[in-house]
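This is what each chain is made of:
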Amino acid sequence: MEEKLKIIADHYGYKEQQWKLVEEMAEVAKEINKFRKKNYNKNTNAYKKLVSELADLSVVLPQVIYLLECEDKVARIRREKAHRQLKRMENEHVRKEKGCD
């Protein structure tokens, strides 16, 4: 994680940053809904706001992971989940080829 984010995380601590994370996740959810209502048009203010909120979330999430001291665990589980999803997609593809839909 970037050194700047560690400094911020250490300054505010877990209790403060957990609430900041909840706030940022809610804001991202709200902006996703607005963007969807604009039919995913990237030429809208909804898109710009969503990108901004995603940036905010991407600043706070790694801080919480760092403060919980679970970076390695999160990375491992993330890899496992991505691998599992790729297998599901492969199985979906095979079923479609066999006409099992």
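This text goes with the structure placed above it.
Residues numbered from 1 in each chain as written. Predicted model: local features only at pLDDT ≥ 70, side-chain atom pairs only at ≥ 80, totals over all residues. Heavy atoms only, no water.

**Re the pattern of salt bridges**
All chains considered together, the criterion is met by 5 salt bridges. Across the salt bridge formed by glutamate 24 and lysine 20, the nearest N and O atoms sit 3.4 Å from each other. Placement of both glutamate 24 and lysine 20 in helix 1 (residues 3-37) is noted, with a separation of 4 residues, approximately one turn of the helix. When its relative accessible area of 31% is taken as the criterion, lysine 20 is described as partly exposed. The salt bridge partner of glutamate 53 is lysine 49, with a shortest N-O separation of 2.9 Å. Residue glutamate 53 and its partner lysine 49 are both found in helix 2 (residues 45-67); the two are separated by 4 residues, about one turn of the helix. (Salt bridge = Lys/Arg side-chain N within 4 Å of Asp/Glu carboxyl O. Helix = DSSP H or I, 4+ residues; strand = E, 2+ residues; numbered from the N terminus. Buried < 20%, exposed > 50% of the residue type's maximum accessible area, 1.4 Å probe, protein only.)

**Structural notes on the packing of aromatic side chains**
The final tally for this structure, using the stated rule, is 2 aromatic pairs. Where phenylalanine 35 meets tyrosine 40, the ring centres are 5.6 Å apart and the plane angle is 90°; that geometry is what we call edge-to-face. A relative accessible area of 11% means that phenylalanine 35 is categorised as buried. The interplanar angle of 45° and the centroid separation of 5.6 Å between the aromatic rings of phenylalanine 35 and tyrosine 47 together place this pair among those described as tilted. In this pair, phenylalanine 35 is assigned in helix 1 and tyrosine 47 in helix 2, connecting sequence segments 12 residues apart. Here the aromatic cluster, defined as three or more aromatic residues joined through ring pairs, consists of Phe35, Tyr40 and Tyr47. (Phe/Tyr/Trp six-rings, centres within 6.5 Å; stacked < 30°, edge-to-face > 60°.)

**A look at the nonpolar core**
Among the nonpolar cores identified, the biggest contains 8 residues, and these are Leu21, Val28, Phe35, Ala46, Leu50, Leu57, Val60 and Val64. Among the elements of the structure, helix 1 and helix 2 are those that each provide at least two residues to this core. Broken down by element, the residue count for this core peaks at 5 residues, all from helix 2. In this structure phenylalanine 35 touches Tyr40, Asn41, Lys42, Thr44, Ala46, Tyr47 and Leu50, once residues within four positions along its chain are discounted. (Core = buried A, V, L, I, M, F, W, Y, C linked by side-chain atoms within 4.5 Å. Contact = heavy atoms within 4.5 Å.)

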